[in-house]
Amino acid sequence: MAGAGGRAPRGGCWRAGRAVAGRGVSDPRGIASPVSLSPAGVRRWLSSAAPLPRLCVVGSGPAGFYTAQHILKHHGGAHVDIYEKLPVPFGLVRFGVAPDHPEVKVSAGSALQVNMMVNVINSFTQTARSERCAYYGNVTVGRDVTVAELQQAYHAVVLSYGAEDNRVLGIPGENLSGVYSARAFVGWYNGLPENRDLKPDLSCETALILGHGNVALDIARILLSPLHLLRQTDITEGSLAALACSKVKRVWLVGRRGPLQVAFTIKAAASEHQQDSKTTGFDLCVPLTLSLKSFPDVPRPRKRLTELMIKTALEKPGEKVVEVQAGAPREWGLKFQRSPQAVLPTADGRRARGVRLSLTHLEHGIIPNSSGRVEGVPGLYCSGWVKRGPTGVIITTMNDSFDTAQSVLEDLQAGVLDVATSREGFGAVESILCSRGVRPVSFSDWEKIDAAEVARGKAAGKPREKIVDPQEMLRLIGH
């Protein structure tokens, strides 16, 4: 795992600090407290005299924080340290949510309360401020400290670092210039430091996106949205400048399966469909007599989504819609039952000029596990995308992480995790990091970065202006 590396000054070490002002996790903290340890409702009491487990989570995205939250809530004596390779926390909540969907995020101090998703960052912030939780950013596990060293310092280690690698198509030409992974492209417009220099070529009129999920719709919308709307978001200035010069007028989303199997949600589809600045089209690649009467057992959400697509594809638009579509400079659409067989090169063999569509297979990098328990390695767990693959929405990740946390709690109860022997936790890790010249970033350090981003954004009329250079982040906090 790659990451930015702050280094300690020569001739000495430092003492890492953390904010403990908040009491974000609702729990009795060390006094007798009920612990729910299984779906069947098995409960036991932990006394303040019981051994105190020291646990750590690798990765500060939704999977990491939800895992920590569940453990802290249901074990009154556990202490959880969260390690992150970047100086800044929150993973996909910060870097994976489309900038024109601000209701999924919330800036520090914002009073915006749209739905459950709005509170995610505030919830994670409360967790990080708990006296039984600590955040250590700018620490790359696997380089600055090994998993084996973490296992020596903690009673249990949970790997929640997400999908480190891009999906591999395994087809000729996928490495040609002009082909980008969705992960890298989303990271580019969201200010993920490792993708800040992507420089996608937007000089063509037609873009093709492989996939029928919410992320595919997000990318299409960012490519086609009017600039005046994007300027009101926290999209990075570099991305906004590139999109201002974009010649993309048409976007096709291609999927292997049919309209009944699309992975995006009705909310995302409706949001895209209601954009009146561009036309919408569907190349169904299935008989036009497609009817939900042929599928009587289709669940209601899937039925509503399919009805929306069929209506858009088959119904004759009204006069107002025709007028809007006629004047729309950009358009998008869906192609079903098609997959890439090869990316076709230009005459000089350097760039992509088209895609031949057929069938292919995708590979997923997941850790073999059972309910989050890493196979063959007692005391090592995983949650999130590294556990199940890069699929699902944030609620999926929350439930998945709670499942892993439950496995940890059950193993604590059953004695699988030996807490009789005390572990130093960060005390041991701090010595290792100091000896290697690595200086971690505390949560209070992150709050200084957060305040600076919000201030810069306010000056530009935006929610925030993300700092995309890790070294600039470190300079800002005096590292």
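Residues numbered from 1 in each chain as written. Predicted model: local features only at pLDDT ≥ 70, side-chain atom pairs only at ≥ 80, totals over all residues. Heavy atoms only, no water.

(A) Focus on the overall build of the protein chain. When helices and strands are counted, the protein chain shows 16 helices and 15 strands. Sequence-distant contacts, at least 24 apart, represent 76% of the contacts inside the protein chain between residues at least 6 apart. Accessible area for the protein chain stands at about 22,400 Å²; split by element, carbon and sulfur atoms hold 53% of it. (Helix = DSSP H or I, 4+ residues; strand = E, 2+ residues; numbered from the N terminus. Contact = heavy atoms within 4.5 Å. Areas by Shrake-Rupley, 256 points an atom, 1.4 Å probe, with all protein chains shown as cover.)

(B) Looking closely at a nonpolar patch on the surface. A cluster of nonpolar side chains, contributed by Leu208, Leu210 and Val355, occupies part of the molecular surface with about 210 Å² of accessible area. Among the secondary structure elements, Val355 is positioned in strand S12 (residues 352-358). Since its relative accessible area comes to 33%, Val355 is described here as partly exposed. (Patch = residues over 30% accessible without salt bridge, like charges linked within 9 Å, V, L, I, M, F, W, Y side chains within 5 Å. Salt bridge = Lys/Arg side-chain N within 4 Å of Asp/Glu carboxyl O. Buried < 20%, exposed > 50% of the residue type's maximum accessible area, 1.4 Å probe, protein only.)

(C) Spatial organisation of helix H14 (residues 426-435). Among the residues making up H14, those that are buried are Phe426, Val429, Glu430, Ile432, Leu433 and Cys434. Looking at the buried positions of H14, the neighbouring elements they touch are strand S4 (79-83), strand S5 (133-136) and helix H4 (147-153).

(D) Local environment of the pairing of strand S3 (residues 54-58). Counting buried residues in S3 gives four out of five residues, a clear majority hidden from the surface. As paired elements, S3 and S4 share five bridges and run parallel to each other. Bridge pairing links Cys56 to Asp81 in S4. Handedness of the crossover joining S3 and S4 through helix H1 (residues 62-74) is recorded here as right-handed. (Pairing = 2+ DSSP bridges. Right-handed = clockwise from strand over helix to strand, strands pointing away.)

(E) Molecular detail of the nonpolar core. Core analysis: the largest hydrophobic core is formed by 41 residues, its most contacted members being Val80, Ile82, Phe90 and Val408. It is helix H13 (residues 394-414) that contributes the most residues to this core, six residues altogether. Ignoring any residue separated from it by four or fewer positions in sequence, one finds Ile82 in contact with Val57, Gly59, Ser60, Phe65, Ala68, Cys133, Ala134, Tyr135 and Tyr136. (Core = buried A, V, L, I, M, F, W, Y, C linked by side-chain atoms within 4.5 Å.)

(F) Summary view of the packing of aromatic side chains. Overall, the coordinates contain 14 aromatic pairs when judged by the stated rule. Each ring, one from Tyr66 and one from Phe402, has its centre 5.9 Å from the other, and the planes form 85°; the classification is edge-to-face. With Tyr66 in helix H1 and Phe402 in helix H13, this residue pair connects regions lying 336 residues apart in the sequence. Exposure remark for Tyr66: the relative accessible area of 7% places this residue in the buried category. When the centroid spacing of 5.9 Å and the interplanar angle of 80° are considered together, the rings of Phe185 and Tyr189 count as edge-to-face. Taken as a pair, Phe185 and Tyr189 lie in helix H5 (residues 182-190) at a separation of four residues, close to a single helical turn. (Phe/Tyr/Trp six-rings, centres within 6.5 Å; stacked < 30°, edge-to-face > 60°.)

(G) Quick look at unusual backbone geometry. Phi is positive for Phe90, close to 90°, though the residue is something other than glycine. Within the element layout of this structure, Phe90 appears in the loop between S4 and helix H2 (91-95). Overall, the relative accessible area of 1% leaves Phe90 in the buried class. Residue Ser371 is not a glycine yet carries a positive backbone phi of 55°. Taking the relative accessible area as the measure of exposure, Ser371 reaches 35% and is therefore partly exposed.

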